[in-house]
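What follows is the residue order along each chain.
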Amino acid sequence: MAKLLFVMTGTAYWTLKDGTRYATGYWAEEFAVPYKALTAAGHEVVVATPRGVVPTVDMMSLRPEMAGSAEIALDLEAIIRSAEEMRRPIQLSDARLEDYDAVYFPGGHGPMEDLCVDADAGRLLTAALASGKPLAVVCHAPAAMLATRMHGMSPFAGYKVTAFTNEEEEAVGLAPRARWLLEDELRGLGVEFMRGEKWKPYTVVDRTLYTGQNPASAAVLAERLLKALV
């Protein structure tokens, strides 16, 4: 069985352009659905965060209207509560790619605050891309790709990538308040940005890089990862 590294945000807020802190963290569905699918298949998951802090779930993602129903919200919460790995994450600085068979970055707005400027996230992404191991990144987590440009051109330049779109950020009302928008920054990184219909599952595969546009895409990414790990 494979061993996967889940790299997650360690923050509970996102600083907006007026300086206010927007309460956030990771998006429940983007952790819980792939976690359940991968562990049910017998694979091992290790969670890593900056400084080894316990990840904070964005409580909005557990609202029934956001999860899809009250039943789904309760199921997501139950998965998170049962995941022992969430209560004892390793420090991202200690994560070594050679210890894992694949890497997955769940989203939520949190990565827009910390992983986008985290040198360890940039190091791990660069190594994962070069290794040929499956690398999956969803929703706002592609913000971590911005940390790969610290020493010049990003290795993601030229790759086909999707992520939470400007249209979706507008739809949730945060685009006018954001310091920057993920789609814009990724285009500036030199990726070939792809997009599907807002809120619908949409994934892009380019070589060993798997990206998903939004929370609904997490389940599809999990399926792709499972096939890649066979």
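Residues numbered from 1 in each chain as written. Predicted model: local features only at pLDDT ≥ 70, side-chain atom pairs only at ≥ 80, totals over all residues. Heavy atoms only, no water.

Some words on unusual backbone geometry
- The residue Trp199 is not glycine, and still its phi comes out positive at about 70°.
- Considering the arrangement of structural elements, one finds Trp199 in the loop between strand E9 (192-193) and strand E10 (203-206).
- Located in the positive-phi region is Arg207, a residue other than glycine, with phi close to 60°. (Helix = DSSP H or I, 4+ residues; strand = E, 2+ residues; numbered from the N terminus.)

Side note on the layout of surface pockets
- Computed from the structure, the largest pocket encloses a volume of approximately 360 Å³.
- The class makeup of the residues in the lining of the largest pocket is eleven nonpolar, three polar and three charged. (1 Å grid on protein atoms, 1.4 Å probe; cavity = no way out; pocket = protein on both sides within 12 Å on 5 of 7 lines; lining within 4 Å. Points joined across faces, edges and corners; volume = space filled by probe spheres on them. Nonpolar A, V, L, I, M, F, W, Y, C, P; charged D, E, K, R; others polar.)

Things to note about the nonpolar core
- One finds Leu5, Val103, Phe105, Leu135, Met145, Leu186 and Leu209 to be the most contacted residues of the largest nonpolar core, which totals 43 residues.
- The set of elements that each furnish at least two residues to this core consists of strand E1 (3-7), strand E4 (44-49), strand E6 (102-105), helix H4 (119-131), strand E7 (135-138) and helix H6 (182-189).
- In terms of residues, this core owes the most to one element, H4, which gives five residues.
- Listed in part, the 32 residues of the second largest apolar core include Tyr26, Leu76, Ile79 and Ala218. (Core = buried A, V, L, I, M, F, W, Y, C linked by side-chain atoms within 4.5 Å. Buried < 20%, exposed > 50% of the residue type's maximum accessible area, 1.4 Å probe, protein only.)

What is shown is where atoms sit, not what they do.
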